[in-house]
Amino acid sequence: MIELRQVNKVFNRGKANQVNAVNGVDLRIAGNEFLVIVGSNGSGKTTLLNLVAGSILPSSGTISINSTDVTKLPEYQRSEWIARVFQNPLSGTAPDLSIIDNFRLAAIRTQAKGLNIGVNTKFKNTVKEKIATLGMGLENKTEQLMGTLSGGQRQALTLLMSVMDTCQVLLLDEPTAALDPRSADIVMKTAERLVDEFGLTAILVTHNLKDAFTYGNRIIQMAEGKIIKDLAQKEKSALKQNDLFDWFG
Amino acid sequence: MDFYLATLIQGLCFSAIALGIYISMKIFNIPDITTDGSYTLGGVITAKLLMAHQPIYIVLPAVIAAGAAAGALTGIIHTKLKINALLAGILVMYALYSINLSIMGRSNIPLTNVSTLFSLISFAADPNKNTFFVLIGFVAVIALLIGFLLKTDFGIAMRATGNSESMIRALGVNTDRMKIIGLALANALTALSGFLITQFQSYADINMGIGIVITGLGSVIIAEAFVNWFRITSVWLSLALVLFGAIIFQFVIAFSLSIGISPTLLKLVTAVFVLLIVGLPRLSFRNSS
Ligand SMILES: Nc1ncnc2c1ncn2[C@@H]1O[C@H](COP(=O)(O)OP(=O)(O)O)[C@@H](O)[C@H]1O
Ligand SMILES: [Mg+2]
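Bear in mind that the values here come from a model prediction, so they are computed numbers and not experimental data.

**Side note on the interface of chain B and chain A**
With 22 residues of chain B at the interface, the matching set in chain A holds 29 residues. Summed over both sides, the interface between chain B and chain A buries roughly 2100 Å², with carbon and sulfur atoms accounting for 65% of that surface. Applying the counting criterion to the chain B and chain A interface returns three salt bridges. Among the ionic pairs, D153 of chain B bridges to R104 of chain A, the shortest N-O distance being 2.8 Å. Between the two partners, chain B and chain A, sit 13 residue pairs in polar contact (both at pLDDT 80 or more). Those elements giving two or more residues to the side of chain B that touches chain A turn out to be α6 (127–151), α7 (153–163) and α8 (165–170) of chain B.

**Remarks on the sheet that holds strand β3 (residues 34–39) of chain A**
Residues and elements named next belong to chain A. Pairing within the open sheet is mixed, and its six strands lie in the order β6-β7-β8-β3-β9-β10. Here the strands that pair on one side only, and so sit at the sheet edges, are β6 (82–85) and β10 (226–231). Averaged over neighbouring strand pairs, the angle between their axes works out to 20 degrees when direction is ignored. When β3 meets strand β8 (residues 201–205), the two strands line up parallel, connected through four bridges. Each bridged residue has a counterpart across the sheet, and for I37 the counterpart in β8 is V205. Across the face of the sheet, helix α1 (residues 45–53) comes into contact with β3, β6, β7 (169–173), β8 and β9 (218–223) while running at roughly 155 degrees to β7. Strand contacts of helix α5 (residues 151–162): β6 and β7, with the helix running at about 175 degrees to β6, the strand carrying the most contacts.

**Observations concerning unusual backbone geometry**
Among all residues except glycine, the phi angle is most often negative; among peptide bonds, the trans geometry is most common. Although it is not a glycine, H53 of chain B adopts a positive phi angle of roughly 60 degrees. Position of H53 of chain B relative to the elements: it lies in the loop between α2 (34–51) and α3 (56–80).

**Re the site of ligand 1**
Residues and elements named next belong to chain A. Around ligand 1, a shell composed of F11, N12, V19, A21, S40, N41, G42, S43, G44, K45, T46 and T47 is seen. G42 has a polar backbone atom sitting 2.7 Å from an oxygen atom of ligand 1. A distance of 2.5 Å is found between an oxygen atom of ligand 1 and a side-chain nitrogen or oxygen belonging to T47. About the coverage of ligand 1: the protein hides 62% of its 560 Å² of free accessible area. When residues of the shell around ligand 1 are traced back to their parent elements, those giving at least two are β2 (19–29) and α1. A breakdown of the residues in the shell around ligand 1 according to their chemical character gives three nonpolar, eight polar and one charged.

**Notes on the side chain of T142 of chain A**
Relative to the helices and strands, T142 of chain A is located in the loop between α4 (121–132) and α5. When sequence neighbours within four positions are dropped, the list of residues in contact with T142 of chain A reads S98, I99, I100, V127, K128 and I131 of chain A.

**Details of the packing of helix α3 (residues 99–107) of chain A against α5 of chain A**
All names here are of chain A. In contact at an axis separation of 9 Å, α3 and α5 are set at 35 degrees when each is read in the N-to-C sense. With respect to the hand of their crossing, α3 and α5 are arranged in right-handed fashion. Across the interface between the two elements, I99, N102, F103 and A106 from α3 touch L157, L160 and M161 from α5. Looking at the contact of α3 with α5 residue by residue, the class counts come to six nonpolar, one polar and no charged.

**Things to note about the sheet that holds β2 of chain A**
Residue and element names in this part refer to chain A. Strands sit in the order β2-β1-β4-β5 across an open sheet of four strands; the sheet is antiparallel. Two strands close off the open sheet at either side, each with one partner strand: β2 and β5 (68–69). Where strand β1 (residues 2–11) and strand β4 (residues 60–65) come together, five bridges link them in antiparallel fashion. The residue bridging N8 from the neighbouring strand is S60, located in β4.

**Here's the deal with the pattern of salt bridges**
Evaluation of the coordinates by the stated rule reveals 15 salt bridges over all chains. Linking K189 of chain A and D185 of chain A is a salt bridge whose minimum nitrogen-to-oxygen distance equals 3.1 Å. In this pair, K189 of chain A and D185 of chain A are both assigned in helix α6 (residues 181–198), four residues apart and thus about one turn of the helix distant. Among the ionic pairs, K26 of chain B bridges to E224 of chain B, the shortest N-O distance being 2.7 Å. In this pair, K26 of chain B sits in helix α1 (residues 3–27) while E224 of chain B sits in helix α10 (residues 212–229), placing the two residues 198 residues apart along the sequence. Taking the relative accessible area as the measure of exposure, K26 of chain B reaches 34% and is therefore partly exposed.

**Brief notes about the pairing of β10 of chain A**
Residue and element names in this part refer to chain A. Examined bridge by bridge, β9 and β10 share five bridges and lie antiparallel to one another. If you follow A223 over to β10, its bridge partner there is K226. Connecting β9 to the next strand, β10, in antiparallel fashion are two residues, including E224 with a positive phi near 50 degrees.

**Notes on the packing of aromatic side chains**
A full pass over the atoms with the stated rule returns ten aromatic pairs over all chains. Ring plane angle 35 degrees and centroid distance 6.0 Å describe the contact between Y4 of chain B and F251 of chain B, whose orientation is recorded as tilted. Here Y4 of chain B, found in helix α1, pairs with F251 of chain B, found in helix α11 (residues 235–258); they are 247 residues apart in sequence, far enough to count as distant. What makes Y4 of chain B exposed here is its relative accessible area of 54%. Among the residues examined, F251 of chain B registers a relative accessible area of 22% and is labelled partly exposed. Members of the aromatic cluster, joined through ring pairs, are F226, W229, F230 and F244 of chain B. Against the face of F123 of chain A rests R104 of chain A, its NZ or CZ located 5.2 Å from the ring centre.

**As for a nonpolar patch on the surface**
A cluster of nonpolar side chains, namely L265, L268, V272, L276, L280 and L283 of chain B, defines an oily patch on the protein surface of about 550 Å² accessible area. Within the element layout of this structure, V272 of chain B appears in helix α12 (residues 266–288).

The rules behind the values
Residue positions are given per chain, counted from 1 along the sequence in the order it is written. Lettering for chains starts from A, numbering for ligands starts from 1, and both go in the order in which the items are written. Given that this is a predicted model, residues contribute local features only at a pLDDT of at least 70 and side-chain atom pairs are listed and counted only at 80 or more, while totals for whole chains, interfaces and linings are drawn from all residues. For the side-chain quantities, the full set of heavy atoms in the structure was used; hydrogens and water were omitted. We call two residues in contact when some of their heavy atoms are within 4.5 Å. Simply put, the buried area is the total loss of 1.4 Å probe accessible area from both parts when two parts are fitted together. Only one rule defines a salt bridge in this text: a Lys or Arg side-chain nitrogen within 4 Å of an Asp or Glu carboxyl oxygen. Polar contacts, as counted here, are pairs of nitrogen or oxygen atoms within 3.5 Å of one another; within protein the pair requires one atom able to donate a hydrogen and one able to accept it, and residues that are adjacent in sequence qualify only if both atoms are side-chain atoms. Helix and strand assignments come from DSSP, with helices taken as H or I runs of at least 4 residues and strands as E runs of at least 2, each series counted from the N terminus. Following DSSP output, two strands are said to pair if at least two bridges run between them. Between the N-to-C directions of two axes lies an angle of 0 to 180 degrees, each axis being a line fitted to C-alpha atoms and, for a helix, fitted only over the stretch in contact. Near residues are defined by distance, with any heavy atom within 4 Å of the molecule or strand qualifying the residue. For every accessible area listed, the method is Shrake-Rupley and the probe measures 1.4 Å; residues are considered covered only by the protein chains on display. Gly is placed with the polar residues, together with every amino acid not listed as nonpolar (Ala, Val, Leu, Ile, Met, Phe, Trp, Tyr, Cys and Pro) or charged (Asp, Glu, Lys and Arg). Definitions for this section: a left-handed crossing has its near helix turned counterclockwise from the far helix by less than a right angle. A right-handed crossing has that turn clockwise. Buried means the residue's accessible area, taken with a 1.4 Å probe over protein chains only, is under 20% of the maximum for its type, while exposed means over 50%, and partly exposed covers the values in between. What counts as a ring pair is set by centres within 6.5 Å for rings of Phe, Tyr and Trp (its six-membered ring), and what kind of pair is set by the plane angle: stacked under 30 degrees, edge-to-face over 60, tilted for all other angles. In this analysis the charged atom, NZ for Lys or CZ for Arg, is taken to sit over a ring once it is within 6 Å of the ring centre and within 35 degrees of the ring normal. What goes into a patch is any residue over 30% in relative accessible area without a salt bridge, connected to like charges within 9 Å or, for nonpolar side chains (Val, Leu, Ile, Met, Phe, Trp, Tyr), within 5 Å.

Okay, structure coming up:
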């Protein structure tokens with residue numbers, strides 16, 4: 001469970017360009033929730049995810065994950081619980097490393113990176129099997145550099161990488177925004193499959209109406225750093241795509 | 001001494017610095033000017049300890065530790081005080097000048113009547129040939145160690161730190177710590193070049209490190225040209241090319257001198273040469289696109 005209490009994030013405090021990117025947010029996300037966040041550009045969605053992940057620390061308020069207060073923990077320590085897919089496919093992978101090396105790092109996300117050679121035949125075969133489940137034909141390209149792949153391929157692999165090691169929370173920041181429709185579909189279906197299979201708590205930020213409608217069991221809308229709508233499973237499933245259309249309007 | 005042999009020996013001595021710059025520049029994307037100071041530091045400590053008749057098995061770890069400390073200091077200033085890496089390196093390099101001078105007590109120490117790494121083991125009767133063989137072994141061991149390191153989980157995490165910081169933080173790596181370790185490693189290697197050159201030339205000098213970072217950069221840039229050309233992805237091949245780059249670089253300098261370019265102009269010629277290898281591929285790409 002993730003709990004945010006009275007969380008604020010102010011950028012450039014005291015300057016002319018001060019922004020209250022996240023403004024007094026109270027949010028409890030239960031272990032079995034797949035939360036969808038919608039809201040216009042600049043409403044604070046990415047900042048909220050960054051606060052949960054620890055890539056930025058809040059100006060005030062507290063954040064806890066599974067009852068552990070993580071407010072002051074840096075991102076690399078929160079990675080014990082959290083895996084993440086970034087808005088930009090380039091941010092979630094290392095382009096100059098091979099696919100297999102990228103997977104190796106993901107496979108030891110919560111462990112020490114020691115002086116042993118972890119990329120062995122057994123590991124390579126495990127990774128190949130997992131990549132084959134995507135049906136993108138990437139399983140025979142594991143020695144290639146990550147940077148040679150398309151955004152969609154990289155985003156799909158990032159998703160698989162999230163569950164290489166134990167993981168409880170999956171953060172998805174507009175994972176399909178930069179992708180063509182077919183890759184986007186593969187990525188979202190894979191995300192849903194992994195969330196189910198591993199019983200993850202998931203947060204999905206999206207601008208895609210259809211995705212917001214199709215995925216998740218709770219939806220919130222943000223505006224100017226605040227949560228202005230919050231619908232649980234029952235209300236969400238009663239929504240029609242047109243209602244959502246008005247939200248986005 | 002034979003022109004080719006002398007140049008080869010120089011190249012091998014500088015290959016440690018080239019490996020150091022490969023780590024700071026190519027792996028971490030940090031232009032590390034500490035290099036000038038840590039190279040001299042390595043030379044100064046070598047000269048001082050050898051003249052005090054300390055054995056190599058004391059001198060070598062001392063040189064590595066001193067170089068690592070200098071690099072770690074730059075890393076700490078850069079990551080903890082959030083000071084630009086270039087400036088952090090310049091500050092440490094500048095401070096090291098005084099430290100080196102204090103250690104030496106004067107500006108130059110000649111090595112007289114001491115046994116060096118090169119006289120320790122005997123492969124060949126001719127001392128220069130012997131130096132060459134010892135160096136081959138020494139550099140091979142270093143390159144193998146670095147290559148192995150880069151293949152380990154730790155090494156992959158290191159390579160990812162310079163490549164995609166956002167990713168590697170999300171994968172549980174303390175990037176500040178990683179950069180400090182990386183710069184320590186790079187400067188330990190640089191100090192090793194100082195250690196080798198001092199024994200080869202039989203003296204250490206306070207000014208021996210001025211501009212030496214260019215030697216490392218030039219070597220790495222030559223290696224990079226081949227890496228891009230042949231689209232090399234293997235860590236081992238890249239390391240081999242860095243060593244090759246260090247040797248080529250020395251040959252270019254030796255060749256310039258041998259065709260009568262005045263030593264006064266040598267640094268200018270070297271700078272132009274480095275500029276050419278960096279600049280030429282870009283110019284030709286622009287024309288072809
Ligand atoms: N690192 C930053 N420094 C300054 N302002 C920022 C920073 N990150 C985000 N902001 C500002 O905070 C607001 C919310 O941004 P963001 O969370 O990225 O919005 P969203 O993801 O909903 O589009 C925006 O006004 C943005 O300009
Ligand atoms: Mg965003």
